[in-house]
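Secondary and tertiary structure notes
Spelled out from the first residue to the last, the chains are:
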Amino acid sequence: MNILLVCTNRNTLPMPVMPIGACIIAHASERSGHTVRLLDLMFTRDATAEVESAVTGFHPDAVGISVRNIDNNDMRNTVFFLDDLRDILDAIRTRTGAPILLGGAALGVMPEEILRLGDVSGGVIGDGETIFPLLLDRISQGGDFHDLPGVACIENGTFRRNPPASLGNSAPCPAPDYHRWLNTTAYRSHMATVPIQTKTGCPFQCVYCTYPKIEGSAYGLKEPASVADAVARLAATGLRDIEIVDSVFNAPPEHAMNVCAALARVKHRARLQCLELNPLFLDDSLLTAMERAGFVGMGITLESASDPVLRGLKKGFTTREVHHAAEVVRRHGIPCAWIFLLGGPGETAETVKETLRFAEKQIRPRDVAFFNTGIRIYPGTELESIARRQGVLSRAPGDMLSPVFYVSPEVDAPWVERELKKSMNRHMNFLNMDSLGMSFLPTIHRFGHRLGFRPPLWRHTRSIRRCLRFAGMDV
Ligand code: B12
């Protein structure tokens, strides 16, 4: 069959991200004997026109749509991405009667609401690479596919979904041939990193988080040697800035150590990074292993440095681990981005001050602190129940596709922003959501790339902010 895959993500902030999931699906569909075309809308001028022309010219027997982002998770400058999706689905449906199937992280977060956006045949929640080819087989044989694991649909107006299949451990690490499917030159010139996954699944129970909904809460570990092999292969094709996109890289800790050891054994020439480390499993042996493996950047997702908030968010660690992580990081050379989420359950003026104090005192000037204020509330999360109980949320669960945010009723959001801004004025290595949403950030990325800078660009936050402020900008 002719299979058209459309990647709908056009968001270039904070930088464009390569659609790893869609590339994996494209590869799996081709391996099953189909003729596949992947249309990546990231750098297109007129998305609807591109989609129309692809449908008319390629005559697809099935269309797969990859949907990554619902919104930008930014409470003050909210951008909602799914109006575009509606237009794209309409454009496809008016030109073909072929089944339209959705997939991608956004579908895992709010499947029902997204499936209701257009006239689609269904969607696959979670792992697409095993289910999508099976689903295509059924379509090619004129059969029904609605009993397959992970498939969701709207049937006679009612939402239905099957439990997802478990991927199991020791699967090989998928490393799609990005050059084959994407305009890799455009991505690289925007400082995009090349995604790779060492596992699926997230067993943590952070109250706000959607990761277990998207990937399941049981781990599916990729074989460490195959991760190293994939990294080496990608780097050999010039894709050297590789980012591990696991929900949390260093959990389970033995797996992260095994992956690092496997990476250290091969000569890969890649510059590795990962933005999701849990302080609970962060120690000298991990950072030494990461240094040997070739990491040039890492992120620690603390969210807070105050115990009442860490408890309220159910992070599973305390300020003891937070301070220990800071000590460990100082003993190593890998540049570090510390990620904070202000305004969670239990946040008060005092806890905000405690977190800012931690950042000001414990974070090395050459590292970066990134702060977001206000937490996106997703239906089905514990944060939704907390918000309803506290009277912060009144919208119906089915009405939460357009973004809604939580800020602890015990703290005033504009006050938090002002305190943060004061701290940012004193510390040029601090960033907030305004910094990530700057409309000229893509220009900075392209300029930086031309000058020979390579990801992660946040390593140069202090110099960039100083230059922009010198030019009169309030950043
Ligand atoms: C790593 C990550 C990042 C990294 C990406 C680095 C990189 N080089 O790729 C960084 C930090 C840069 C980032 C940025 C952002 N991210 Co992010 N990110 C993630 C994370 C943790 C993993 C994404 C990933 O690569 N997964 C691995 C791949 C293999 O999975 P996948 O692409 O989803 O594909 C699988 C399935 O979805 C499915 N599938 C995919 N497409 C298709 C198509 C069909 C037809 C089918 C059948 C199946 C299918 O099969 C695939 C293989 O199994 C997810 C959370 C999560 N656990 O998914 C959030 C997530 C995707 N991000 C999210 C958001 C909001 C953002 C930002 C907007 C945040 C911000 N304000 O800056 C930006 C947007 C960036 C952009 N330009 O679009 C949201 C999106 C949903 C939402 N709430 O709107 C998520 C879900 C987290 C959340 N808050 O819930 N992100």
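Check the entry above for the structure.
As a starting point, this report considers the structure included with it. (Residues numbered from 1 in each chain as written. Predicted model: local features only at pLDDT ≥ 70, side-chain atom pairs only at ≥ 80, totals over all residues. Heavy atoms only, no water.)

1. Quick word on the overall build of the protein
In terms of regular secondary structure, the protein is built from 20 helices and 18 strands. The C-alpha atoms of the protein give 22 Å as radius of gyration, which agrees with the globular expectation for 475 residues (23 Å, within 12%). Principal axes of the C-alpha set define a box for the protein whose edges measure 65 × 55 × 45 Å. In the protein, buried positions account for 56% of the 475 residues. Of the contacts made within the protein by residues no fewer than 6 positions apart, 73% connect residues no fewer than 24 positions apart. Just so you have it, the protein exposes about 19,500 Å², and 51% of that area is on carbon and sulfur atoms. On the protein, the mean spot of the 52 positive side-chain charges and the mean spot of the 51 negative ones are 7 Å from each other. (Helix = DSSP H or I, 4+ residues; strand = E, 2+ residues; numbered from the N terminus. Rg over C-alpha atoms; globule rule 2.2 N^0.38 Å. Buried < 20%, exposed > 50% of the residue type's maximum accessible area, 1.4 Å probe, protein only. Contact = heavy atoms within 4.5 Å. Areas by Shrake-Rupley, 256 points an atom, 1.4 Å probe, with all protein chains shown as cover. Lys, Arg positive; Asp, Glu negative; His and termini not counted. Charge placed at Lys NZ, Arg CZ, Asp CG, Glu CD.)

2. Here's the deal with the sheet that holds strand 2 (residues 35-40)
On the basis of which strands lie adjacent, the open sheet formed by seven strands has the order 2-1-3-4-5-6-7 and mixed pairing. The two strands at the open ends of the sheet, each matched to only one other strand, are strand 2 and strand 7 (158-161). Adjacent strand axes in the sheet meet at a mean angle of 20 degrees when their direction is disregarded. Bridge count between strand 3 (residues 62-66) and strand 4 (residues 100-103): four bridges; the pairing is parallel. Following the sheet pairing, Ser66 is matched in strand 4 by Gly103. With respect to the sheet, helix 1 (residues 20-31) is in contact with strand 1 (2-7), strand 2 and strand 3, its orientation differing from that of strand 2 by roughly 165 degrees. Here helix 2 (residues 47-58) sits on the sheet in contact with strand 1 and strand 2, set at roughly 170 degrees to strand 2. (Pairing = 2+ DSSP bridges. Axes fitted to C-alpha atoms, helices over the stretch in contact; angles between N-to-C directions.)

3. Description of empty space enclosed by the protein
Across all of its chains, the model carries one cavity of 30 Å³ or more by this definition. Looking at the largest cavity, its volume works out to about 60 Å³. Residue assignment for the lining of the largest cavity shows that the elements contributing at least two residues are strand 15 (368-373) and helix 18 (433-436). Of the residues assigned to the lining of the largest cavity, the class counts are two nonpolar, three polar and four charged. (1 Å grid on protein atoms, 1.4 Å probe; cavity = no way out; pocket = protein on both sides within 12 Å on 5 of 7 lines; lining within 4 Å. Points joined across faces, edges and corners; volume = space filled by probe spheres on them. Nonpolar A, V, L, I, M, F, W, Y, C, P; charged D, E, K, R; others polar.)

4. Quick notes on helix 12 (residues 284-293)
Every α-helix winds through 3.6 residues per turn, so residues three or four apart in the chain are directed the same way. Taken as a whole, helix 12 has its buried residues at Leu286, Leu287, Ala289, Met290 and Ala293. Taken down its axis, helix 12 places every buried residue within 160 degrees of arc, on the same side. Looking at the packing, one finds that the buried side of helix 12 touches helix 11 (253-265), strand 12 (271-277), strand 13 (295-303) and helix 14 (319-330). Once helix 12 finishes, Gly294 follows within two positions and takes phi at roughly 105 degrees, a positive value. (Arc of directions from axis to C-beta.)

5. Quick word on the nonpolar core
Phe249, Met290, Phe295 and Trp338 are the most contacted members of the largest nonpolar core, which has 90 residues in total. Not counting residues up to four positions away in its chain, the partners in contact with Met290 are Phe249, Cys260, Cys274, Leu277, Phe295, Met298 and Ile334. Membership of the second largest hydrophobic core comes to 33 residues, among which are Val63, Leu85, Leu107 and Tyr378. (Core = buried A, V, L, I, M, F, W, Y, C linked by side-chain atoms within 4.5 Å.)

6. Section: a nonpolar patch on the surface
Judged by side-chain polarity, Phe447, Leu451 and Phe453 come together as a nonpolar surface patch covering roughly 320 Å² of accessible area. Along the chain, Leu451 turns up in the loop between helix 19 (441-450) and helix 20 (461-470). You can call Leu451 exposed: its relative accessible area is 55%. (Patch = residues over 30% accessible without salt bridge, like charges linked within 9 Å, V, L, I, M, F, W, Y side chains within 5 Å. Salt bridge = Lys/Arg side-chain N within 4 Å of Asp/Glu carboxyl O.)

7. Concerning the packing of aromatic side chains
For the structure shown, the criterion picks out seven aromatic pairs. For the pair Phe340 and Phe358, a centre-to-centre distance of 6.4 Å together with 65 degrees between the ring planes defines the contact as edge-to-face. Of this pair, Phe340 sits in strand 14 (residues 336-342) while Phe358 sits in helix 15 (residues 349-362), and the two are 18 residues apart along the sequence. Take Phe358: its relative accessible area is 3%, and that puts it in the buried class. Look at Phe371 and Phe430: their rings are 5.5 Å apart centre to centre, the planes differ by 55 degrees, and that puts the pair in the tilted class. In this pair, Phe371 sits in strand 15 while Phe430 sits in strand 18 (residues 430-432), placing the two residues 59 residues apart along the sequence. Judged on exposure class, the residue Phe371 and its partner Phe430 are both buried. Within the aromatic cluster, the residues linked to one another by ring pairs are Trp338, Phe340, Phe358, Phe371 and Phe430. (Phe/Tyr/Trp six-rings, centres within 6.5 Å; stacked < 30°, edge-to-face > 60°.)

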